[in-house]
Amino acid sequence: MQTLATDHQRFLKKINNQLFIILLLMVACFFTWSENVAITRAIKVVGRMGVMISSIMVYHRIISYGGVNSLVYKNIFSPVLYMAYLFLGFVSFSWSTNPGFSALQWFMTFQSFVFAYFFVKSLAILDVYFEGHSIRLYHLLGNTVFVLQLVFVIGMWTNPDVFFRLTDGGEEARLGGTLMNPNELGMLAGVGCACLIFDLYRFKNKVWTIIKIIIILYALYMTGSRSSLIGVLLIIFFHINQTKRKGLKFGIIAVVMAIAPFAVYTVILKGGDQSRLEEVMSLTGRLPFWQALISEGLPREPLLGFGFMRIDYKEFFQSAHTYPGKMTHNTFMQVLMNLGFIGFTIVLFQVFFTVKSILSAQKELKLMLIGILIPIIINSFTEFGIFGESNYGILFYQIIIFSIAFRNNNHLTRLQRIVLQKKRPDLMKQMEFKN
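Each value, and the rule that gives it
- Residues numbered from 1 in each chain as written.
- Predicted model: local features only at pLDDT ≥ 70, side-chain atom pairs only at ≥ 80, totals over all residues.
- Heavy atoms only, no water.
- Helix = DSSP H or I, 4+ residues; strand = E, 2+ residues; numbered from the N terminus.
- Contact = heavy atoms within 4.5 Å.
- Phe/Tyr/Trp six-rings, centres within 6.5 Å; stacked < 30°, edge-to-face > 60°.
- Buried < 20%, exposed > 50% of the residue type's maximum accessible area, 1.4 Å probe, protein only.
- Lys NZ or Arg CZ within 6 Å of the ring centre and 35° of its normal.
- 1 Å grid on protein atoms, 1.4 Å probe; cavity = no way out; pocket = protein on both sides within 12 Å on 5 of 7 lines; lining within 4 Å.
- Points joined across faces, edges and corners; volume = space filled by probe spheres on them.
- Nonpolar A, V, L, I, M, F, W, Y, C, P; charged D, E, K, R; others polar.
- Salt bridge = Lys/Arg side-chain N within 4 Å of Asp/Glu carboxyl O.
- Disulfide = S-S within 2.5 Å.
- Polar contact = N/O pair within 3.5 Å; in protein donor to acceptor, adjacent residues only side chain to side chain.
- Expected span 1.5 Å × (residues − 1).
- Bend = angle between axes of the 7 residues up to and from the residue.
- Axes fitted to C-alpha atoms, helices over the stretch in contact; angles between N-to-C directions.
- Parallel < 35°, antiparallel > 145°, perpendicular 65-115°, else oblique.

In the annotation of an unreviewed UniProt entry, the entry for the protein chain reads O-antigen ligase family protein, and the organism field reads Chryseobacterium salviniae.

This is how it looks when you write it as structure tokens:
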């Protein structure tokens, strides 16, 4: 339907607001909003459980209003292999060096998995039964990121002690504070830019969207995240390559060329400080840490690892020449340590089939998912990543998996046709006319 009835528009506006709120709350639940451990756990576990249930309710509200569950699966290897990864993680509780920690991490990952399933399925049902609607994943996710980044931008001026984190012996203040790892906050900014760029294509009035992007980029700069800055530059050049409008292309290139040298010099090269440059070349100590993990840690438990999100028999892994670490700062290394070569093989094939499915998707979906994938994959090589300890990068990756996992079955069953006839006789007439 190209023109939706007024009553459908009211319903869709309500659903759009509900989807935005539950996505905002879900992502916000990954932040550490309180120094009280009990409050933080309540938000991260109980809060996310409530949001997950809300996503199920919204899905059933859409179905009960004007649709049937006619979706079937495609690109099945991506979700199936991810479920195999989760299953192996669940089984690993039996040999984990800390079963309680493994169980908590697994449960939070499973929560976001269920949320992503129903959230994306809701959008897919809307595409089928409310053709012409304006609800878009990139708009919901882009606005979610904007709101959260705006909180930090305001907070850095009103309460810098909370919203800034001092690093390098107090020489550098990075946006994130006690609430979020600066590199993770930078990755979130990258995802927001990737999504809001699509609003530039869609909306005629681009001023408000540009303002949102500028605020997000400012927050990104204040995080001091090198990997996230690289991710955003890749996203921008990726979109420049896609557009056929020469004026827009040259305009974006001019802005990027003016800003990029300053950003690269101050954020990536750290102002040319020789000692800081040496630190950058070793990825702030990550390279020797990874070498020690492979040479010393992995041979102890090579096949099945130390258990879900565990990298050693003790709480921290440390060799004679590295800092102590509770996680590997590389999501693929994390899988290798906690689930061994078996888990690592599952993950490699899962990522392969996911990327393969993205590249075969229709153009808008493909561009959106690649844009989201770029910052979370870059982050995966230096931080928690898509297979690390619970973080919103995992949620975004799960959303990507389900975004390429559904298609509509045009041949409704007799029962589905009867149900749809009662709910949407107007739609049934159109479907019969098309057939």
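Anyway, onward from the coordinates.
*Asks:* Any details on the environment of threonine 322? Residues and values, ideally.
*Replies:* By secondary structure assignment, the location of threonine 322 is in the loop between α12 (286-297) and α13 (331-359). C-alpha of threonine 322 to C-alpha of proline 288: the two residues are 34 residues apart in sequence and 6.6 Å apart in space. If we ignore the near neighbours within four places in the chain, the residues touching threonine 322 are Pro288, Phe289 and Ala292.

*Asks:* Which residues make up the packing of aromatic side chains, and what are the values?
*Replies:* A full pass over the atoms with the stated rule returns 39 aromatic pairs. The interplanar angle of 10 degrees and the centroid separation of 5.4 Å between the aromatic rings of tyrosine 82 and phenylalanine 113 together place this pair among those described as stacked. Here the residue tyrosine 82 occupies a position in helix α3 (residues 77-91), and phenylalanine 113 occupies one in helix α4 (residues 99-129), the gap between them amounting to 31 residues. Taken individually, tyrosine 82 and phenylalanine 113 each receive the classification buried, so the pair is uniform in this respect. Positioned above the aromatic ring of phenylalanine 30, the side-chain terminus of arginine 48 is 4.1 Å from the ring centre. Taking NZ or CZ as reference, lysine 326 lies 4.8 Å from the ring centre of phenylalanine 101, over its face.

*Asks:* Outline empty space enclosed by the protein, listing residues and values.
*Replies:* One pass over the full model with this rule turns up one cavity of 30 Å³ or more. Estimated volume of the largest cavity: approximately 30 Å³. Around the largest cavity sit Phe101, Met309, Arg310, Ile311, Asp312, Lys314, Glu315 and Lys326, which together line it. Split into classes, the residues belonging to the lining of the largest cavity amount to three nonpolar, no polar and five charged.

*Asks:* Account for the pattern of salt bridges, naming residues and giving values.
*Replies:* Evaluation of the coordinates by the stated rule reveals six salt bridges. Across the pair aspartate 312 and arginine 300 runs a salt bridge, and its minimum N-O distance is 2.9 Å. Of the two residues, aspartate 312 is situated in the loop between α12 and α13 and arginine 300 in the loop between α12 and α13; the sequence distance between them amounts to twelve residues. When its relative accessible area of 1% is taken as the criterion, aspartate 312 is described as buried. Here arginine 310 ties to glutamate 315 by a salt bridge, and the two come within 3.2 Å at their closest N and O atoms. Look at arginine 310 and you get buried, because its relative accessible area is 2%.

*Asks:* Could you give me a rundown of the environment of asparagine 17, with the residues and numbers involved?
*Replies:* Structurally, the position occupied by asparagine 17 is in helix α1 (residues 6-28). For asparagine 17, a relative accessible area of 38% corresponds to the partly exposed category. Along the chain, asparagine 17 and isoleucine 135 lie 118 residues apart, while their C-alpha atoms are 9.7 Å from each other.

*Asks:* Give me the lowdown on the state of the cysteines, citing residues and values where you can.
*Replies:* All told, the structure shown has zero disulfides when counted by the stated rule. Unpaired in this structure, cysteine 193 has its nearest cysteine sulfur neighbour in cysteine 195, at a distance of 9.4 Å. Residue cysteine 195 is classed as buried on the basis of its relative accessible area, which comes to 0%.

*Asks:* Account for the side chain of serine 92, with residues named and values stated.
*Replies:* Within the secondary structure, serine 92 is located in the loop between α3 and α4. One polar contact links the side chain of serine 92 to the main-chain carbonyl oxygen of glycine 89, over a distance of 2.6 Å. In this structure the side chain of serine 92 is engaged in a polar contact, spanning 3.0 Å, whose partner is the backbone nitrogen of phenylalanine 308. In contact with serine 92, not counting residues within four places along its chain, are Gly307, Phe308 and Leu339.

*Asks:* Residues and numbers for helix α14 (residues 363-380), please.
*Replies:* The end-to-end C-alpha separation of α14 is 25 Å, in line with the 26 Å expected for 18 residues at 1.5 Å each. Of all the bends in α14, the greatest reaches close to 25 degrees and is centred on leucine 373; the proline proline 375 follows between one and four positions later. The buried count for α14 comes to 14 of 18 residues, which makes it a mostly enclosed element. For α14, the capping residue at the N-terminal end is glutamine 362, with a side-chain oxygen 3.1 Å from the backbone nitrogen of glutamate 364.

*Asks:* Now, about the packing of α3 against α13: what can you tell me, with residues and values included?
*Replies:* Contact geometry of α3 with α13 gives a least axis separation of 8 Å together with a crossing angle of 170 degrees. It follows that α3 is roughly antiparallel to α13 by the angle criterion. In this structure, α3 contributes Phe77, Ser78, Leu81, Tyr82, Ala84, Tyr85, Leu88 and Gly89 to the contact, and α13 contributes Val335, Leu339, Ile342, Gly343, Ile346, Val347, Phe349, Gln350, Phe353 and Thr354. Residue composition of the contact of α3 with α13, grouped by class: 13 nonpolar, five polar and no charged.

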